[in-house]
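Descriptive analysis of the structure
Take a look at the letters that make up each chain.
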Amino acid sequence: MTKYIKKNYIIKLYYIIIVLIFISSILPFFSSNLNFYSENMDKEKEICIRYNNATLEEKKEIEKDITFSNEICDALINEYKPKSFYLYYNYLLKNGVASFIFPYFIPLLVIFPIVYKLSEEFRSKYIKNYLQRKDYKEYIKSIIKRSYKYILIIPILLLSFAVVAAICSKFNFDPRYDIAFSRLSSEIGTYYNKPFFYISYILIILFNMGIYINIGLIILRKNKNFFVALIESFVAIYVFLCFTFIIIGIGIQKIFNIPAESINLLEIYTWSNINNIGLYLLVNIIYFVISFALVIMSYKNKENFIKECEK
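Let us look at the structure shown here. (Residues numbered from 1 in each chain as written. Predicted model: local features only at pLDDT ≥ 70, side-chain atom pairs only at ≥ 80, totals over all residues. Heavy atoms only, no water.)

**Looking at the pattern of salt bridges**
Evaluated as defined, the whole model comprises three salt bridges. Glu121 is the partner of Arg146 in a salt bridge, and the nearest nitrogen-oxygen pair spans 2.6 Å. In this pair, Arg146 is assigned in helix α9 (residues 136–147) and Glu121 in helix α7 (residues 106–123), connecting sequence segments 25 residues apart. (Salt bridge = Lys/Arg side-chain N within 4 Å of Asp/Glu carboxyl O. Helix = DSSP H or I, 4+ residues; strand = E, 2+ residues; numbered from the N terminus.)

**Points about helix α15 (residues 277–298)**
The terminal C-alpha atoms of α15, which comprises 22 residues, lie 32 Å apart, in line with the 32 Å expected from a rise of 1.5 Å per residue. Those residues of α15 that sit buried are Ile277, Tyr280, Leu281, Val283, Asn284, Tyr287, Phe288, Ser291, Val295 and Ser298. Mapping the buried residues of α15 onto a view down its axis gives an arc of 160 degrees, with all of them on the same face. Where α15 is buried, its residues meet α9, α12 (188–191), α13 (195–222) and α14 (226–256). Capping the start of α15 is the job of one residue whose side-chain oxygen sits 3.4 Å from the backbone nitrogen of Gly278: Asn276. (Expected span 1.5 Å × (residues − 1). Buried < 20%, exposed > 50% of the residue type's maximum accessible area, 1.4 Å probe, protein only. Arc of directions from axis to C-beta. Contact = heavy atoms within 4.5 Å. Polar contact = N/O pair within 3.5 Å; in protein donor to acceptor, adjacent residues only side chain to side chain.)

**A closer look at the packing of aromatic side chains**
Each aromatic ring pair is specified by the distance between its two centres and by the angle formed by the two planes. Taken as a whole and assessed by the stated rule, the structure comprises 34 aromatic pairs. Measuring from centroid to centroid gives 5.3 Å for Phe85 and Tyr86, while their planes differ by 80 degrees, and the two rings are edge-to-face. Here Tyr86 falls in the buried class, since its relative accessible area comes to 7%. Plain terms: the ring middles of Tyr126 and Tyr139 are 6.3 Å apart, the flat faces sit at 45 degrees to each other, and that makes the pair tilted. With a gap of 13 residues between them, Tyr126 in helix α8 (residues 126–131) and Tyr139 in helix α9 connect regions that are remote in the sequence. For Tyr126, a relative accessible area of 31% gives the class partly exposed. By relative accessible area, which is 0% here, Tyr139 ends up buried. (Phe/Tyr/Trp six-rings, centres within 6.5 Å; stacked < 30°, edge-to-face > 60°.)

In structure tokens:
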């Protein structure tokens with residue numbers, strides 16, 4: 001009974017931490033940064049008016065500092081819009097507590113409950129009782145199914161950020177003004193109006209969360225100690241991320257002349273330097289499938305797994 005209470009206490013504490021991350025990320029945003037960049041809008045309008053009335057030489061001089069078009073300037077002058085959804089969303093990810101969490105400690109948040117629960121279960125020799133009622137394959141399916149419940153934790157957190165960003169931007173999904181005045185990277189301009197981008201964004205994050213879970217399951221196959229397995233999983237994930245960028249990314253760059261940055265898995269949240277949606281999605285699917293196959297292989301030997309649990 002005491003163990004049950006302790007177990008549930010830790011998991012509840014984990015969810016409280018997730019909620020606190022969200023609250024601590026948006027509170028400073030509302031209290032002091034809700035109107036960030038607003039003071040510059042009038043200056044930007046003045047620049048646009050000056051740009052539209054300037055001679056060709058004067059336009060070239062202005063373009064040295066700011067890159068925009070007559071179309072954007074006309075829209076800014078005549079159709080004033082609030083800052084874009086992407087600007088607010090990007091701001092939420094890159095400032096406050098979120099800037100510390102994303103992307104470096106997200107794997108830890110994803111694998112923590114999985115490693116905690118399964119390490120306890122494996123060491124309790126629960127598998128022996130389970131196998132008296134059902135077969136081994138059903139047990140492995142159960143492990144995977146229960147682990148994948150946590151795949152939605154980070155997407156839900158990001159969805160909360162997206163809701164805040166949409167409300168604050170008054171549902172303005174046109175980032176061209178922010179790109180023109182260098183508040184956002186130019187890559188956003190290549191995919192913001194493509195529905196496939198939003199689908200891919202969600203799928204890529206889900207596949208990455210799945211990769212982290214798969215790595216945690218692989219580590220747990222050999223190590224049942226919670227703290228050791230958690231640290232090993234965290235390190236293994238970052239070795240994987242570095243390997244895919246430094247080794248595979250550079251290899252692809254040399255062979256296919258595709259920039260290594262375009263498959264950087266650390267950019268799944270902000271998509272900096274990502275300009276090929278299809279390629280980025282495909283790369284993430286491949287890594288997920290490979291890691292999932294390794295999970296199946298790791299738990300294939302029933303006898304060895306049971307022996308490991310009995311140690």
